[in-house]
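Residue-level listing of the chains:
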Amino acid sequence: YKPSVSPEMDIMEYCRKEWRGDTPAAKRMRKGYEAVAQKFASIRRIRGDNYCAFRATLFQALSQATQLPRWLQSEDFAMLPENLLSKYDWIKQWQLKQKPGKKMGEISDEIKEYLILLRKKWKNISEIKGPLEKQEACDKLFKNEEEEYSLYEALKFLMLNTAIELYNADKNGRRVPVFSWLLFARDTSSNPCQLMHNHLNHIGHSGGLEQVEMFLLAYALQYTIQVYRLYKYSTDEFITLYPNDPEEDWPMVTLITEDDRHYNIPVRMCQETML
């Protein structure tokens, strides 16, 4: 068993271990890590399966949560699978990681359970006052493989719901964020049904999140995801925000990536940064 979120390690120590050579790539990575180390003291490695973007984002969101997000408080939140199924028959083709091949008609209740679990965990962790206890609760949650993967299923379903909302808004002539056009401009996802078949159903199985899907995740959670993209050091894409014009009241989480495929998390903001 590999831990989902490894213990803290000093950022520069980690960097020296990983990037020893004198190649241009290694030099760029070291510069990138140095820049991150001015803001954060430590790094925690995230287990590298195809869920690492979910894992890193959710872990960061929960470990700094102080309240339940508005969208998790709504009365009909748990009714989402039923409501969507009543309008879109094709959602029956949704694939669950634990139950590949099971039909959506049968698993709508399970997705409802996953959504309720997400709300419960978020509520419980956000109510913990002490930072150490909160961290322990997060560590414990991410050691429970069954619960952890259930939460990712909930996130994927929320992404589908967000994609449907954006697609319909655009069709009805309302303003949508630019990434939404890009999402549906792909040959493989020209509508939400294709997005589900060709992308969302594969996340965690045969692929992770693509760039444009990081925007979708940010919109689904109503969080700004700030990413240090180390291989882009010294370009204006070194620190990328998803979305790049975030809503002012959205909280922010920070991730680190060396290649836009695998994500780790920086922790422990340096004192001077906090002041």
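Residues numbered from 1 in each chain as written. Predicted model: local features only at pLDDT ≥ 70, side-chain atom pairs only at ≥ 80, totals over all residues. Heavy atoms only, no water.

(A) Here's a closer look at the UniProt feature "active site" (unreviewed entry) in the protein chain. Residues annotated in UniProt with the feature "active site" (unreviewed entry) correspond here to D49, C52 and H262. A stretch of 214 residues holds the annotated residues, and the largest C-alpha distance among them is 8.4 Å, short enough that they meet in one place. Mapped onto the elements, C52 comes out in helix α3 (residues 52-63). Using a relative accessible area of 3% as the deciding quantity, one classes C52 as buried. Not counting residues within four places of it along the chain, the set of residues in contact with C52 comprises I46, R47, R261, H262 and Y263. The exposure class assigned to H262 is partly exposed, which follows from its relative accessible area of 23%. Ignoring sequence-local partners within four residues, the contact set of H262 consists of I46, R47, G48, C52, I256 and T257. A distance of 3.0 Å separates a polar side-chain atom of H262 from the backbone oxygen of I46. (UniProt positions renumbered as here; feature names shortened; annotations may be inferred. Helix = DSSP H or I, 4+ residues; strand = E, 2+ residues; numbered from the N terminus. Buried < 20%, exposed > 50% of the residue type's maximum accessible area, 1.4 Å probe, protein only. Contact = heavy atoms within 4.5 Å. Polar contact = N/O pair within 3.5 Å; in protein donor to acceptor, adjacent residues only side chain to side chain.)

(B) Layout of the sheet that holds strand β1 (residues 9-10). In spatial order, the strands read β1-β2-β6-β5-β3-β4; together these 6 strands make up an open sheet with mixed pairing. Pairing within the sheet leaves two strands with one partner each, and these edge strands are β1 and β4 (239-242). Relative to strand β6 (residues 263-269), α3 is tilted by about 20 degrees, and along the sheet it contacts β2 (40-44), β3 (224-229), β5 (252-257) and β6. (Pairing = 2+ DSSP bridges. Axes fitted to C-alpha atoms, helices over the stretch in contact; angles between N-to-C directions.)

(C) Region of the structure containing the UniProt feature "site: Linear diubiquitin binding" (unreviewed entry) in the protein chain. Following the UniProt record, one finds the feature "site: Linear diubiquitin binding" (unreviewed entry) at E237. The residue E237 is located in the loop between β3 and β4 in this model. A relative accessible area of 35% means that E237 is categorised as partly exposed. Setting aside its immediate chain neighbours within four residues, E237 contacts R229 and K232. A polar atom in the side chain of E237 sits 3.4 Å from the side chain of R229.

(D) Inspection of a nonpolar patch on the surface at higher detail. A cluster of nonpolar residues, V178, W181 and L182, forms a patch on the protein surface that exposes about 340 Å² of accessible area. The topology assignment puts V178 in helix α9 (residues 178-185). (Patch = residues over 30% accessible without salt bridge, like charges linked within 9 Å, V, L, I, M, F, W, Y side chains within 5 Å. Areas by Shrake-Rupley, 256 points an atom, 1.4 Å probe, with all protein chains shown as cover. Salt bridge = Lys/Arg side-chain N within 4 Å of Asp/Glu carboxyl O.)

(E) Focus on the pairing of β2. The buried fraction of β2 amounts to 4 of the 5 residues, a majority that puts the element mostly inside the structure. Across 2 bridges, β1 lies against β2 in antiparallel orientation. Bridge pairing in β2 links D10 to S42. Pairing between β2 and β6: 4 bridges, direction antiparallel. Looking at the pairing, R44 lines up with I265 of β6.

(F) Seen up close, the pattern of salt bridges. Throughout the structure, instances matching the rule amount to 17 salt bridges. Note that D139 and R44 form a salt bridge whose closest N and O atoms lie 2.9 Å from each other. Placement of the pair is D139 in helix α7 (residues 131-141) and R44 in strand β2, with a sequence separation of 95 residues. The exposure class of R44 is buried, given its relative accessible area of 6%. A salt bridge links D260 to R229, with the shortest nitrogen-to-oxygen separation between them at 2.7 Å. With D260 in the loop between β5 and β6 and R229 in strand β3, the pair connects residues that are 31 residues apart, well separated along the chain. This pair shows no difference in class: D260 is buried, exactly as R229 is. One network of salt bridges, with partners in common, ties together R229, K232, E237 and D260.

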